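Understanding the architecture of this molecule
Below are the chains, spelled out letter by letter.
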There are 2 protein chains.
Amino acid sequence: MVLSVLRLSHRISRDKRITTHLALTARAFGASEFFYTGDKDSNLENSSKYVSEEWGGEFTIFFVENPTNFIKEWKRKEGGMIVHLTMYGIELSDKLDFFRGNLSNDILIVVGGSKVPGYIFQISDYNIAIGHQPHSEVAALAVFLDNVTNSKERKQKYTNAKTEIIPSEKGKKTMNLQDGSN
Amino acid sequence: MVLSVLRLSHRISRDKRITTHLALTARAFGASEFFYTGDKDSNLENSSKYVSEEWGGEFTIFFVENPTNFIKEWKRKEGGMIVHLTMYGIELSDKLDFFRGNLSNDILIVVGGSKVPGYIFQISDYNIAIGHQPHSEVAALAVFLDNVTNSKERKQKYTNAKTEIIPSEKGKKTMNLQDGSN
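For clarity, every value in this text was computed on a predicted model and none was experimentally measured.

Moving on: the side chain of Asn127 of chain B. Relative to the helices and strands, Asn127 of chain B resides in strand E6 (residues 126–129). Looking at Asn127 of chain B, its side chain comes within polar contact range of the main-chain oxygen of Glu169 of chain A, at 2.8 Å. For Asn127 of chain B, the side chain forms a polar contact with the side chain of His84 of chain B, separated by 2.8 Å. Those residues in contact with Asn127 of chain B that sit more than four places away from it in its chain are Ser168, Glu169 and Lys170 of chain A together with His84, Thr86, Gly89, Ile90, Ile120 and Phe121 of chain B.

Now the structure itself:
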């Protein structure tokens, strides 16, 4: 199962931290690709690359010029499936058993920006809500990914990491994986 | 079980949207109080109040002048327990069974700002990680609350709501609960 995330309508002025949190959340909960539309943002791309260099794993971030074409292409792919996270959709718990058995494809998880165009609701295979209250696309993405991966991905070991955390009851402990120092 | 959230070191210039997302996430996943320290922010407070007026429920937001005193007072309360969410802590899955059986108290969930002072790690009853990778305090809070409440809170009905969503396979449907219109 390959999990990818598409963030719509990134605006540098307003969204820089939210979109950074989305990218980090995508990576930490098992997605391998992060696409975004809206404003191209080299700071966003660089901070995401820096995290992967330091903490390891294969995770790439891409700017998408034309979301409509991109989404249509995704649908045409063999096994391409689109899940749009929206508070207006069907509650995740009503689809979770289905998802756990059927997500062996190439899943694109779409998370909205300010105004999501109507065609996203139409073209998506599933419009899924994480509760029906207003909250956060970061929260929605985390809970969705954590559920469909059965919390396994957030506990994975990342390849080629320079730094790793040593879990601790109190305080902060890390290990430098290049020289073994703490 | 009463769930409360404390957000440390809010900075208006940098954190306004992240802290708003934290407050909305706290509310949508079952917390009833949201405390924050750092910069007092009337926009943050007003947007949170607006959401509760529109979407219902009992949820209050408070500015805390002195986090050290506040946390010490919390510890002195009958049943006051502090859970600090940090990537350096013990993975949630290693404590979840314990938490589900023992969270009948007054839980304060602390989420960090930029630099969390060492005493927070010491004074907290539990330092809990949602995975050991860098991601987002919004993601951490959502996954923590959703797990300890067994996903029930995100599906609750809110009292005194003006608007409610009618879950939909495609598109957006809401109901105005005051006059029954869509």
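Quick look at the packing of helix H1 (residues 12–28) of chain A against helix H2 (residues 42–55) of chain A now. Residues and elements named next belong to chain A. Where H1 contacts H2, the two axes come as close as 10 Å, and the packing angle between them is 30°. Judged by the inter-axis angle, H1 sits roughly parallel to H2. Helix-helix and strand crossings are classified by hand; for H1 and H2 the assignment is right-handed. Across from Thr19, Thr20, Leu24 and Arg27 in H1, the residues of H2 making contact are Leu44, Ser47, Val51, Ser52 and Trp55. A breakdown of the residues in the contact of H1 with H2 according to their chemical character gives 4 nonpolar, 4 polar and 1 charged.

Residue and element names in this part refer to chain A. Within the open sheet, the 6 strands sit side by side as E3-E2-E1-E5-E4-E6. Their pairing is parallel. Edge positions in the sheet fall to strand E3 (60–63) and strand E6 (126–129), since each of these pairs with one other strand and no more. In this sheet, neighbouring strand axes are inclined to one another by 30° on average, regardless of whether the strands run parallel or antiparallel. Here strand E1 (residues 2–10) runs beside strand E5 (residues 106–111); their pairing, made up of 6 bridges, is parallel. If you follow Leu6 over to E5, its bridge partner there is Val110. Helix-sheet contacts for H1 involve E1, strand E2 (33–38), E3 and E5, and the interaxial angle to E1 is about 175°.

The rules behind these values
Residues numbered from 1 in each chain as written. Chains lettered and ligands numbered in written order. Predicted model: local features only at pLDDT ≥ 70, side-chain atom pairs only at ≥ 80, totals over all residues. Heavy atoms only, no water. Helix = DSSP H or I, 4+ residues; strand = E, 2+ residues; numbered from the N terminus. Polar contact = N/O pair within 3.5 Å; in protein donor to acceptor, adjacent residues only side chain to side chain. Contact = heavy atoms within 4.5 Å. Axes fitted to C-alpha atoms, helices over the stretch in contact; angles between N-to-C directions. Parallel < 35°, antiparallel > 145°, perpendicular 65-115°, else oblique. Left-handed = near helix turned anticlockwise from the far one by under 90°. Nonpolar A, V, L, I, M, F, W, Y, C, P; charged D, E, K, R; others polar. Pairing = 2+ DSSP bridges.

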